Amino acid sequence: MTAWSEEHELLLAKAFLVVGPMSMMVICLFVVLGMAPGLESGHPREYLVATCVLWAILIMILPLLRVLKLLALPMWMVAIITANMYFYVISLNLGLYLDVSWWGDMGHVVSSTIVAGIVFLALALMDSRSPEYVTLGNRAGFCIMLFLVALSFGGIWEVLEGSTDAIAGNPYMVYGASDTMGDLTADTVGVLAITVYAYLVLGKKSTDEITSSVKLGRKAFA
């Protein structure tokens with residue numbers, strides 16, 4: 001990374017610490033004013049507001065880690081993760097998850113693909129930074145681990161949805177067993193796609209090469 005890109009990457013991260021949450025609050029303003037189509041589709045106002053607030057916090061995590069010099073991911077990956085956050089929040093506020101029958105499944109495929117990509121990168125980092133006697137096994141073993149860990153996040157998300165509804169006493173996020181099974185099936189499709197991709201990539205590149213553009217820990221920024 002050159003001095004130019006380092007400086008501008010840091011500046012971009014600082015700017016997005018402001019722009020990210022503010023943009024989510026702008027979306028939230030439409031909900032508060034009763035102008036979000038998702039309200040007419042059937043989403044409760046408090047659910048949409050809570051989602052905007054939560055994602056306003058979550059969207060600051062990556063730029064904050066970059067500013068603190070704790071983690072720097074490739075800019076393309078940061079862009080994809082951030083775009084997916086907007087995709088979810090905007091789709092929810094437009095009512096697409098309720099009005100378009102296939103939208104939720106598509107959203108889960110996209111999200112699970114991104115999550116699996118992050119898990120792939122995390123496992124590659126673990127493998128490249130571990131002592132030689134600590135490995136994830138061969139290429140097949142690595143990909144099996146990737147598939148299981150990435151797919152588990154889909155299950156965790158469904159548990160969080162169910163727990164949210166149970167605590168709130170209102171079916172905000174879960175629309176029945178068929179909805180949950182459809183979400184998990186879509187998650188499987190996304191995770192499987194990245195698992196196959198990882199298997200092919202690992203046949204050509206080492207984990208050191210895959211993680212060469214990632215900085216983790218303050219020492220990596222020195």
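Look up a bit, the structure's there.
Residues numbered from 1 in each chain as written. Predicted model: local features only at pLDDT ≥ 70, side-chain atom pairs only at ≥ 80, totals over all residues. Heavy atoms only, no water.

## Describing the nonpolar core
If you look at the biggest cluster of nonpolar residues, it comprises 43 residues, and the most contacted ones within it are M24, L73 and F120. Of all elements in the fold, only α1 (3-32), α3 (45-58), α5 (75-94), α7 (103-129), α8 (139-168) and α9 (177-202) reach the threshold of two or more residues within this core. Of all the elements, α7 adds the most residues to this core, at 8 residues. (Core = buried A, V, L, I, M, F, W, Y, C linked by side-chain atoms within 4.5 Å. Buried < 20%, exposed > 50% of the residue type's maximum accessible area, 1.4 Å probe, protein only. Helix = DSSP H or I, 4+ residues; strand = E, 2+ residues; numbered from the N terminus.)

## Details of the environment of F30
Mapped onto the fold, F30 is located in helix α1. Since its relative accessible area comes to 41%, F30 is described here as partly exposed. Placed 115 residues apart in sequence, F30 and M145 show a C-alpha to C-alpha distance of 42 Å. The residues contacting F30, other than those within four sequence positions of it, are M35 and A36. (Contact = heavy atoms within 4.5 Å.)

## Quick look at the pattern of salt bridges
One pass over the structure, following the stated rule, counts 1 salt bridge. Ionic pairing is found between E9 and R66, a salt bridge with its closest N-O pair at 2.4 Å. Placement of E9 in helix α1 and of R66 in helix α4 (residues 61-67) is noted, with a sequence separation of 57 residues between them. Note on E9: relative accessible area 11%, which makes it buried. (Salt bridge = Lys/Arg side-chain N within 4 Å of Asp/Glu carboxyl O.)

## Considerations on α8
Here α8 is 30 residues long and its end C-alpha atoms lie 44 Å apart, about the 44 Å a rise of 1.5 Å per residue gives. Buried residues of α8: F142, C143, L146, A150, G154, E158, E161 and D165, and no others. Among the structural elements, α7, α9 and α10 (207-210) are those in contact with the buried residues of α8. The residue sitting at the N-terminus of α8 and contributing the capping side-chain oxygen is N138; that oxygen lies 3.3 Å from the backbone nitrogen of A140. Immediately downstream of α8, the backbone of G169 shows phi near 70°, a positive value. (Expected span 1.5 Å × (residues − 1). Polar contact = N/O pair within 3.5 Å; in protein donor to acceptor, adjacent residues only side chain to side chain.)

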